[in-house]
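Here's the letter readout for the chains.
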Amino acid sequence: MKFVYFFGCGFADGNASMKSELGGKGANLAEMTSLKLPVPAGFTISTKVCLDYIKGAGTFSPELKAEVESAMKKTEEAMGARFADSLNPLLVSVRSGARVSMPGMMDTVLNLGLNPTTAEALAKKTSNPRFAYDSYRRFIQMYSNVVKELETHYMEDAFDSLKKQKGYLEDTDLNADDLKELIETFKLIYKKHIGEAFPDDPYEQLWTAIGAVFKSWNCSRAKKYREIHSIPNEWGTAVNVCSMVYGNMGENSGTGVCFTRDPSTGENVFYGEYLINAQGEDVVAGIRTPKTLLLLEKDMPEVFVQLEEVRSKLERHYRDVQDIEFTIQEGKLYLLQTRNAKRTTQAALKIAIDFAKEGTITKQEALLRVNPQDLDKLLHPTLDPRAHKQVIAKGLPASPGAVSGRAVFTAVEAESWAARGEMVVLVRDETSPEDIGGMYASQGFLTARGGMTSHAAVVARQMGKCCVAGCSSLNISLSNKSVKVAGIEILEGDWITLDGSTGEVMLGKVETKNAELSSDFATYMGWAKEYRKLKVRANADTPRDAQYARSFGAEGIGLCRTEHMFFDENRLPVVRQMILSKNRAERKEALDKLLPFQRDDFVGILSAMEGFEVTIRLLDPPLHEFLPHTDKDMMTLSNQLGFSADEIKQRVKALYEANPMLGHRGCRLGISHPEIYEMQVKAIVEAVEKCRSQGKKVFPEIMIPLVGEAEELRWLKDRLIKIAPQIPFGTMIEVPRAALTANKIAKHADFFSFGTNDLTQTTYGFSRDDSAPFLRVYKQENILTEDPFAVLDQEGVGQLVKLACELGRSINSNLKLGICGEHGGEPSSVKFCHKIGLNYVSCSPFRIPIAMLAAAQEAV
Ligand code: ADP
Ligand code: MG
Ligand code: MG
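- An unreviewed UniProt entry lists the protein chain under the name Pyruvate, phosphate dikinase, with Silvanigrella aquatica given as the organism.
- Per UniProt, the comment on the protein chain under Function (unreviewed entry) is "Catalyzes the reversible phosphorylation of pyruvate and phosphate."
- Note on the protein chain: under the UniProt heading Sequence similarities (unreviewed entry), the record states "Belongs to the PEP-utilizing enzyme family."

**A closer look at the overall build of the protein chain**
- When helices and strands are counted, the protein chain shows 35 helices and 34 strands.
- Counting only C-alpha atoms, the protein chain reaches 105 × 60 × 50 Å along its principal axes.
- For the protein chain, the residues scored as buried account for 51% of the 860 residues in total.
- Taking all contacts inside the protein chain whose residues are at least 6 apart in sequence as the whole, residues at least 24 apart take part in 68%.

**Some remarks on the environment of Y764**
- Looking at the secondary structure, you find Y764 in helix α31 (residues 756-764).
- What makes Y764 partly exposed here is the crowd of 17 C-beta atoms within 10 Å.
- Considering only alpha carbons, one finds Y764 and D793, 29 residues apart in sequence, at a separation of 9.7 Å.

**Brief notes about the sheet that holds strand β9 (residues 254-259)**
- An order of β11-β10-β9-β12-β13 is seen for the 5 strands of this open sheet, with the pairing classed as antiparallel. Each of the sheet's edge strands pairs with one partner strand only, and the pair in question is β11 (291-292) and β13 (332-340).
- For β9 and strand β12 (residues 322-329), the ladder comprises 6 bridges, and the chain directions are antiparallel. Each residue of the ladder has a partner; that of G254, found in β12, is I328.
- Where helix α12 (residues 301-318) meets the sheet, its contacts fall on β9, β12 and β13, and the angle it forms with β12 comes to roughly 150°.

**Focus: the UniProt feature "domain: Pyruvate phosphate dikinase AMP/ATP-binding" (unreviewed entry) in the protein chain**
- Mapped onto this numbering, the UniProt entry annotates "domain: Pyruvate phosphate dikinase AMP/ATP-binding" (unreviewed entry) at residues 21-56, 63-299 and 306-356.
- Annotated as residues 21-56, this span is 64% helix and 11% strand, and its ends, taken at the C-alpha atoms, are 19 Å apart.
- The span residues 306-356 is 49% helix and 33% strand, and its two end C-alpha atoms sit 26 Å from each other.

**Quick word on the domain arrangement of the protein chain**
- According to the domain assignment, the protein chain contains domain 1 (4-243), domain 2 (254-340), domain 3 (380-513), domain 4 (532-622 + 657-859) and domain 5 (629-656).
- Centre-to-centre, using C-alpha coordinates, domain 1 lies 22 Å away from domain 2.
- With 4 residues, helix α1 (residues 19-34) is the largest single contributor of residues to the side of domain 1 that touches domain 2.
- Tallied by class, the residues present in the side of domain 1 that touches domain 2 amount to 7 nonpolar, 4 polar and 2 charged.

**Considerations on the sheet that holds strand β23 (residues 488-491)**
- Spatially, 3 strands are ordered β21-β22-β23 in an open sheet, and the strand pairing comes out antiparallel. Each edge of the open sheet is held by one strand with a lone partner, namely β21 (475-477) and β23. Looking at each pair of strands side by side, their axes are set apart by 20° on average, direction ignored.
- Where β21 lies against strand β22 (residues 482-485), 3 bridges are found, and the strand directions are antiparallel. Across the sheet, the residue bridging to I476 is V483, located in β22.

**Focus: the nonpolar core**
- Counting residues in each nonpolar core, the largest one holds 256 residues, and the members touching the most others are V94, A209, A352, V841 and A851.
- Broken down by element, this core gets its largest block of residues, 10 residues, from helix α5 (residues 129-147).

**A closer look at the site of ligand 1**
- Ligand 1 sits among 17 residues. The nearest are S93, R95, T108, G280 and E325.
- Only β6 (92-98), β8 (237-243), α10 (281-284), β12 and β13 provide two or more residues apiece to the shell around ligand 1.
- A class-by-class count of the residues in the shell around ligand 1 yields 7 nonpolar, 7 polar and 3 charged.
- Lining the shell around ligand 1 are residues from two domains, each supplying at least three of them: domain 1 (4-243) and domain 2 (254-340).

**What about the packing of helix α6 (residues 153-166) against helix α7 (residues 176-194)?**
- For the pair α6 and α7, the least separation of the axes is 10 Å and the interaxial angle reads 150°. Accordingly, the angle class assigned to the pair α6 and α7 is roughly antiparallel. At the point where α6 passes α7, the crossing takes the right-handed sense. In this structure, α6 uses Y154, M155, A158, F159, L162 and K166 to contact α7, whose residues at the interface are D178, L182, T185, F186, I189 and H193.
- Looking at the contact of α6 with α7, its residues break down into 8 nonpolar, 2 polar and 2 charged.

**Focus: helix α22 (residues 572-580)**
- Within α22, burial applies to V575, R576, Q577, M578, I579 and L580.
- Packed against the buried residues of α22 are α21 (563-566), α23 (584-608), α24 (631-641) and α25 (645-655).

**Section: the pairing of β12**
- For β12, a buried count of 7 out of 8 residues is recorded, marking the element as mostly surrounded by other parts of the structure.
- Looking at chain direction, β12 and β13 are connected through 8 bridges and run antiparallel. Residue pairing across strands places Q322 opposite N340, the latter belonging to β13.
- Between β12 and β13, which pair antiparallel one after the other, the connecting turn spans 2 residues, and E330 there sits at a positive phi close to 45°.

**Concerning the pairing of strand β29 (residues 613-617)**
- Within β29, 5 of the 5 residues are buried, leaving the element largely enclosed by the surrounding structure.
- Burial of β29 is two-sided: the residues E613, T615 and R617 facing one way and the residues V614 and I616 facing the other way are all buried.
- In this sheet, β29 lies alongside strand β28 (residues 557-561) in parallel orientation, the contact comprising 3 bridges. Following the sheet pairing, R561 is matched in β29 by R617.
- In the sheet, β29 pairs with strand β30 (residues 699-704) via 5 bridges, with the strands oriented parallel. Bridging across to β30, T615 finds its partner in E701.

**With respect to unusual backbone geometry**
- Its identity is not glycine, yet N277 carries a phi of approximately 50°, on the positive side.
- Relative to the helices and strands, N277 is located in the loop between β10 (271-276) and α10.
- Of note in the backbone geometry, K481 takes a positive phi value of approximately 50° without being a glycine.
- Relative to the helices and strands, K481 is located in the loop between β21 and β22.

**Examining the environment of V403**
- Within the element layout of this structure, V403 appears in strand β17 (residues 402-408).
- Between the C-alpha atom of V403 and that of I704, which follows or precedes it by 301 residues, the distance is 42 Å.
- If sequence neighbours within four positions are ignored, V403 has contacts with V425, Q443, G444, C466, T497 and L498.

How each quantity is defined
- Residues numbered from 1 in each chain as written.
- Chains lettered and ligands numbered in written order.
- Predicted model: local features only at pLDDT ≥ 70, side-chain atom pairs only at ≥ 80, totals over all residues.
- UniProt positions renumbered as here; feature names shortened; annotations may be inferred.
- Helix = DSSP H or I, 4+ residues; strand = E, 2+ residues; numbered from the N terminus.
- Buried ≥ 20, exposed ≤ 12 C-beta atoms within 10 Å, placed from the backbone.
- Contact = placed C-beta atoms within 7 Å.
- Pairing = 2+ DSSP bridges.
- Axes fitted to C-alpha atoms, helices over the stretch in contact; angles between N-to-C directions.
- Domains from an automatic or database assignment.
- Nonpolar A, V, L, I, M, F, W, Y, C, P; charged D, E, K, R; others polar.
- Core = buried A, V, L, I, M, F, W, Y, C linked by C-beta atoms within 7 Å.
- Near = placed C-beta within 6 Å.
- Parallel < 35°, antiparallel > 145°, perpendicular 65-115°, else oblique.
- Left-handed = near helix turned anticlockwise from the far one by under 90°.

The following block contains the structure:
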């Protein structure tokens, strides 16, 4: 078995397809090397070694040691220097890299191989002692923190106090002698806290660092990240050992990050940031605020031209936007990493469309480039332009969206405030990977330091959260839990508003308004529509929802719940009168009063969906849901309707059910009170007449809920079809028995609509309303990987759906099939619906684009 993969001098053992062995970073370093791009030589230790190392209590096999030594020899030859050499020393970085990028999750040690001898040699060789000792002090800092887990502030404080003592402003003001002094201080700090001397042997440094990278796979923040992103624990990380190139050699050196297109808007512009005389970490950590890439054209014109060539070469090669790390050593460009860039959803859409238009990818590929779930983020709010706002600061617009929340100053606070149901904005000097939990809990992030590629910015774009970064006018005091800005002090819990599209920070809560969809969105959804086979309808109960749904691309309504129409304050008294009535005649009278209301509802919703089918579900919930339950409310009702309080109490008691979900509802109610469904059907018929008289083309479908026995449907349909002979009738399949006897039910149905919320409830026997607490435990214990109410259980519930489709179609090949449960807007469930041949899915308006794209992805 091969453990170690060399790359250097235009030759590499690995390539980009080997992410599972080499990790993303290692695979792409190999690929770039083979592309003859300037990558410093090095080698990657396979992810396979990681788990063995963790299981094997931290030991390395002799085979591995031999492979590493031989790869190190090749690296030395490629770089013309030798690791641990006392005259011409080679330094390396030890980097982690999992199969998928886990930004900042595991740490890198730079400048490894330094000790007093090699540092002296490096100083001589480069005639740049300042650089040599700057590298050495950085190495000690990183090694102490990453490998030995020493908190960073000990050495940072020593650094700052030396700076202060010498009266320097910039880090770069420290000269070689200062740095030498600092190194001695650092070593003392190390010895004091770690209890041993700082290691001088480069090979000892190397192996300890490699072990630390492997171990970091199991550190708590990496675990947490994997948990959030469903990354398997068994993958492990690779270790990349890479020859150092130095961005800190002076004014003609530097380091930076660039994107082949703007990752925030998707625009085809070269985009990035860099720092002169700095090493990699400085940019990412947001310690100094970097310069925008365009200035590099002036600072180092030749390097800039070269970098532009790299830009187009890599983008063409990977056929996707790249996020590239580079370092310039004395005017020479080196590449240290490339990966497919993380991007906002807007950018993802624009990039996919542009790539397809440029002919780099096909339309079908373009449709696969956006995660359907992410479309949600496009529908996020923006600031209402008319709202009054008091702008108190401006930072970088790092991730779009507009949010308001209460200011909190630590990730821990963010989590605890959010747990109490508060909306929070996390305000920090800069964020770090430890903050990940608190970042998830926040509406948005505001940082005082760091650029567009700082941790906060990257994480925000990935999470689809709003972020304003590098807002340098903030003066944050952790001890006071406050931030001072523009003469104002904001305390913990005070409301602030961020606009991640402009970088503005505002005092208080500013009105937001819903997003307007871009033309890219329309184009992309148009493509999705072209390829998908499933139709997408909406679950909508009001003309307003229906209009919303249409604007998102809905092609009809799959579920219009009529009970919502009964809760209107004008109608509820009549509904109650109907329920409390003592005989048919009285009930009929109340129903006659309800009919015009219902008719107008239907006119509204059918008109809003003109040209498309609208599935209207007859009354479903048990009647007691409409009655008051407290004595006070019963008294009010008694005064309103003239029934005595006792009568009302009696009726409430009579309607009481131990298991309402399995109770007197759906078609059961329709059968025991046929006049209710008759009134509803009459209202539909009258609504159709009215619409048609106005020249509108409307297509209602009548749906009977909760059928489990074919006779139920036959009994109701026989009565109702007399009132509405022209309108299609169908049923919801939402109890297992309906699915199992679908061939019988299909005899009386023009369509089936799978009510997978109830079907999940009745198949699992999990109460929809009470299962959350134990489902949480089930997920923790991996008994269930997903909540079956959110993601369709394909193995169980899905099989019932599939069976019902087959049975139903065996009787009626024209039977129309759809799904109207929550699952109709969840990508994996939509894909399943496509596979089993449903005609449509129906979901909430905001999820229509998600369902449409998921359907297209399954069809291309
Ligand atoms: P991360 O996965 O957190 O981005 P990296 O391993 O890419 O960590 O390294 C962190 C920083 O150090 C990056 O800016 C990178 O470019 C820089 N870096 C890593 N290895 C080297 C090297 N051999 N020479 C110069 N800079 C390096
Ligand atoms: Mg990196
Ligand atoms: Mg139901």
